[in-house]
Amino acid sequence: GKWYLVSADGGEGYVNRNLISVRDYADITVMKGTLTVVGEVNLRAGPGTGYDILGVAAAGERFTLTGSTDTGWYRVEYNGKTAYLASNFAAVS
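Summarised in this report is the structure supplied together with it. The model shown is predicted, which means the values in this text are computed figures rather than measured ones.

This next bit is on the overall build of the protein. Along the protein, the regular secondary structure elements total 0 helices and 9 strands. For the protein, the succession of helices and strands along the chain, N to C, is β-β-β-β-β-β-β-β-β. In terms of overall dimensions, the protein is globule-like: its C-alpha atoms have a radius of gyration of 13 Å, near the 12 Å expected for 93 residues. A total of 93 residues make up the protein; the buried ones form 35% of that total. A total accessible area of about 5,700 Å² is found for the protein, and carbon and sulfur atoms account for 48% of it. Of the charged side chains in the protein, 8 are positive and 9 negative, and the gap between their average positions amounts to 5 Å.

With a phi close to 50°, N79 is a non-glycine residue in the positive phi region. Under the relative-accessibility criterion, N79 is labelled exposed at 66%.

We now examine the packing of aromatic side chains. Enumeration according to the criterion identifies 1 aromatic pair in this entry. Where F63 meets Y78, the ring centres are 6.2 Å apart and the plane angle is 55°; that geometry is what we call tilted. In this pair, F63 is assigned in strand 6 (residues 62-69) and Y78 in strand 7 (residues 73-78), connecting sequence segments 15 residues apart.

Looking now at the nonpolar core. What tends to happen in soluble globular proteins is that the nonpolar side chains get buried as a cluster. Core analysis: the largest hydrophobic core is formed by 13 residues, its most contacted members being L35, V37, L43, A57, F63, V76 and L85. Contributions of two or more residues to this core are made by strand 3 (28-37), strand 4 (41-44), strand 6, strand 7 and strand 8 (81-86). Ranked by the residues each element gives to this core, the list is headed by strand 7, at 3 residues. Excluding residues within four positions of it along the chain, L85 makes contact with L35, V41, N42, L43, G72, W73, Y74, V76 and A90.

Attention now goes to the pairing of strand 7. The buried count for strand 7 comes to 5 of 6 residues, which makes it a mostly enclosed element. Strand direction decides the pairing type here: strand 6 and strand 7, joined by 3 bridges, are antiparallel. When the bridges of strand 7 are listed, G67 appears paired with R75. As consecutive antiparallel partners, strand 6 and strand 7 are separated by 3 residues, and within that stretch G72 has a phi angle of approximately 90°, a positive value. For strand 7 and strand 8, the ladder comprises 6 bridges, and the chain directions are antiparallel. Note on strand 8: the bridge partner recorded for Y78 is K81. As consecutive antiparallel partners, strand 7 and strand 8 are separated by 2 residues, and within that stretch N79 has a phi angle of approximately 50°, a positive value.

With respect to the helices and strands, the residue T66 is situated in strand 6. Residues contacting T66, with those up to four places away along its chain left out, are T29, V30, M31, R75, V76 and E77.

Definitions and cut-offs
Residue numbering note: each chain is counted from 1, following its sequence as written. Under the rules for a predicted model, residues below a pLDDT of 70 receive no local features and side-chain atom pairs below 80 are neither given nor counted, while totals for whole chains, interfaces and linings still include all residues. The side-chain numbers reported here are obtained from all heavy atoms of the structure, hydrogens and water having been left aside. Numbering of helices and strands runs from the N terminus; a helix is a DSSP stretch of H or I covering at least four residues, while a strand is a stretch of E covering at least two. All radius of gyration figures rest on C-alpha atoms, and the globule criterion is 2.2 Å times the number of residues raised to 0.38. Categorising residues by exposure relies on relative accessible area from a 1.4 Å probe, with only protein chains included: less than 20% of the type maximum marks a residue as buried, more than 50% marks it as exposed, and the intermediate range marks it as partly exposed. Reported accessibility uses the Shrake-Rupley method at a 1.4 Å probe radius. Residues are deemed covered only where the shown protein chains occlude them. For the purpose of counting charges, residues Lys and Arg are taken to be positive, whereas Asp and Glu are taken to be negative. His and the chain ends are not included. Lys charges are placed at NZ, Arg charges at CZ, Asp charges at CG and Glu charges at CD. Only the six-membered ring of Trp is used, alongside the rings of Phe and Tyr, when aromatic pairs are assigned; centres must lie within 6.5 Å, and planes under 30 degrees apart are stacked while those over 60 apart are edge-to-face, with the rest tilted. To qualify as a nonpolar core, a set must consist of buried Ala, Val, Leu, Ile, Met, Phe, Trp, Tyr and Cys residues joined through side-chain atoms within 4.5 Å. Note on contacts: a residue pair is in contact if any heavy atoms of the two residues lie within 4.5 Å. Two strands make a pair as long as DSSP finds a minimum of two bridges between them.

Below you can see the structure in the form of structure tokens.
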């Protein structure tokens, strides 16, 4: 079955999709690489503008890319946590 990567209390784990309900669901494609921000962008707790802002990235900042969604968001590592940023504000290398 499908599993969701979830973050809680500073840790991460996987939960079977039959056990939870997901808000603003988007499939995550696992990716590896480096992402460079091309314009100031909010780093969010989830893949959408309705999620909390964890920080702001400036143009030129680089992050480790860990995934992308089918709705236009990149998943990155940020201060030891998982964060998301809109893909139109970044370039992948």
